[in-house]
2 protein chains.
Amino acid sequence: MIKYIFFDIDDTLFPTSEFAQLARKNAIRAMIEIGLPFKDSDELYSRLLKTIQKLGSNSDRHFSELLDELKIKKPARFIAAAVAAYHNTKTSILPYPEVPRLLLALREQGYKLYIATNGNAIKQWDKLIRLGIALYFEDVFVSEEIGTEKSKEFFVKVLEALKIKAIECLMIGDKEDKDILPAKEVGMRTILRLGKSAKHVADIEVNDLSNLLDIIKKL
Amino acid sequence: MIKYIFFDIDDTLFPTSEFAQLARKNAIRAMIEIGLPFKDSDELYSRLLKTIQKLGSNSDRHFSELLDELKIKKPARFIAAAVAAYHNTKTSILPYPEVPRLLLALREQGYKLYIATNGNAIKQWDKLIRLGIALYFEDVFVSEEIGTEKSKEFFVKVLEALKIKAIECLMIGDKEDKDILPAKEVGMRTILRLGKSAKHVADIEVNDLSNLLDIIKKL
């Protein structure tokens, strides 16, 4: 019987990719509005994506590097405008519409809820807080603190930390390689939130989380 | 005749101190809401002020240091909550009510407007952008870029950079030692926005900026 449910955050509880794209486009628009001497926002967006790829998505130098490449001499006003627009967009993230009600229903039914996610602990907590769903979760397991990206080892350490059995656990995520396969390897049940491609390795695949409560009861 | 007007930002164009206090109190409340095992928000606020004093106001480690002192073992959720609440408050800064209309009127009358401020260039631009008044200013002179805090030397460098004469300039600020005296030393006219204490060294003292346009015309 399932007692413990682990959720991935990004593109599982909210549409991360959509918000990241919007935040970056808003940042570009804000730099042009404040006077950047380049007017083609599509081209600037493409250049920004290349800069992000070059520096890695966790760098905090995306905009200053882009402005450096554009040979902007006094970049402070543009960095400030870009970062403000980016954060304003990121501040207004919303969960997938079915998520808050689902989490409340799961708690009412006695399930213990956890987050299992790659990345930085403060950033992931920030998302849960802004999504308005932080209080539903007992704890957050983040690769940075566990010491390894989501993998068999990651889930073994999580089970040890909580002193619980894999058979009582369900992992829900959108990535087969990071969320589903490693959780299966330790013996957890798995549900895939369907994205672009799927090799169909999860126990169950869903397009959204609306019927999750019924599905879990039948597991 | 006055042609160029320099403004300080903090507590001259918006009530910085009020917003900083509110942002810190909101950060404390957010940490308690997310489960911090300390409930006395007044005491936590006092401790935070001590931490800020210890690290300096420009450190980005205020909350993590405070949580460290409180011996909180997994601080990520509290740091995320505090920073989100702090930034949400800081994001909603508003100028003193007379300021936007005044800046527009000054521009209409042909005055060139500048900022002369201590601190970090990106942070100061961020304030102007969030206050919705960035476009009114020709340029921002920040101590970090000029290489010295507001002083006689600072204003000499500003005059050189713009190739203008002190006699054509007016400096408006809330601090006699940082805004008024050094500007007077290079020969600028000065207006003090009255704060707590004043030695009455400015040419003119005002309680707010409502009648600035008339005052400047008479200078």
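Our subject in this report is the structure included herewith. All values derive from a computational prediction rather than experimental measurement. Numbering of residues starts from 1 in each chain and follows the order in which that chain's sequence is written. Here the convention is simple: chains get letters from A, ligands get numbers from 1, in the order in which they are written. Since the coordinates come from a predicted model, pLDDT governs what is reported: local features require at least 70, and pairs of side-chain atoms require 80 or more to be given and counted, while whole-chain, interface and lining totals use all residues.

1. Things to note about the overall build of chain A
Looking only at helices and strands, chain A has ten helices and six strands in total. Counting only C-alpha atoms and orienting by the principal axes, one finds that chain A spans roughly 60 × 30 × 30 Å. Exposed residues have 12 or fewer other C-beta atoms within 10 Å of their own C-beta, buried residues have 20 or more, and residues in between are partly exposed; the C-beta atoms are placed from the backbone. Counting all 219 residues of chain A, 37% fall into the buried class. Considering only contacts in chain A between residues 6 or more positions apart, those separated by 24 or more positions represent 57%. Here a helix means four or more residues in a row that DSSP labels H or I, a strand means two or more in a row labelled E, and each is numbered from the N terminus. We call two residues in contact if the C-beta atoms placed from their backbones are at most 7 Å apart.

2. Things to note about the interface of chain A and chain B
Often the size quoted for an interface is simply the accessible area lost on bringing the parts together. Contact with chain A, which involves 17 residues of that partner, is made by 17 residues of chain B. Of all the elements in the fold, those that place two or more residues in the side of chain A that touches chain B are helix 4 (76-91) and helix 6 (121-130) of chain A. The leading source of residues in the side of chain A that touches chain B is helix 4 of chain A, at nine residues. Classes in brief: Ala, Val, Leu, Ile, Met, Phe, Trp, Tyr, Cys and Pro nonpolar; Asp, Glu, Lys and Arg charged; the others, Gly included, polar. Partitioning the side of chain A that touches chain B into residue classes produces eleven nonpolar, three polar and three charged.

3. As for the relation of the copies chain A and chain B
Superposing the copies works by least squares over the C-alpha atoms of residues that have pLDDT at least 70 in both of them. For the match of chain A to chain B, the screw axis carries a shift of 0.0 Å, the RMSD comes to 0.0 Å, and the turn is 180 degrees. These values place the two chain copies in the arrangement generated by a two-fold rotation axis. The fraction of interface residues of chain A whose copies in chain B are also interface residues reaches 100%, indicating that both copies meet through the same surface.

4. Observations regarding the nonpolar core
In a soluble, globular protein the nonpolar side chains are often hidden away together inside. Think of a nonpolar core as buried Ala, Val, Leu, Ile, Met, Phe, Trp, Tyr and Cys residues chained together by C-beta atoms that fall within 7 Å. Ranked by size, the top nonpolar core spans 61 residues in total, and within it A:Ile79, A:Ala80, A:Ala81, A:Ala82, B:Phe6 and B:Trp125 carry the most contacts. For this core, the element with the most residues is helix 4 of chain A, which contributes ten residues. If sequence neighbours within four positions are ignored, A:Ala80 has contacts with B:Ile122, B:Trp125, B:Asp126 and B:Ile129.

5. Observations concerning helix 5 (residues 99-108) of chain A
In an α-helix, one turn spans 3.6 residues, which is why side chains three or four residues apart end up on the same side. All names here are of chain A. Of all the positions in helix 5, only Val99, Leu102 and Leu103 are classed as buried. Looking straight down helix 5, one finds that the buried residues subtend no more than 95 degrees of arc, so they occupy a single side. Helix 5 presents Ala105 and Glu108 as exposed residues on the side facing more than 90 degrees away from its buried surface. Buried-residue contacts for helix 5 involve strand 2 (112-117) and helix 10 (212-218). Residue glycine 110 follows helix 5 closely and has a positive phi angle near 95 degrees. Read the arc as the range of directions from the helix axis to the C-beta atoms.

6. Thoughts on helix 3 (residues 62-69) of chain A
All names here are of chain A. If you check which residues of helix 3 are buried, you get His62, Phe63, Leu66 and Leu67. Along the long axis of helix 3, the arc covered by the buried residues comes to 125 degrees, so they all point the same way. Check the buried side of helix 3 and you find it contacts helix 1 (16-33), helix 2 (41-55) and helix 4. Once helix 3 finishes, lysine 71 follows within two positions and takes phi at roughly 60 degrees, a positive value.

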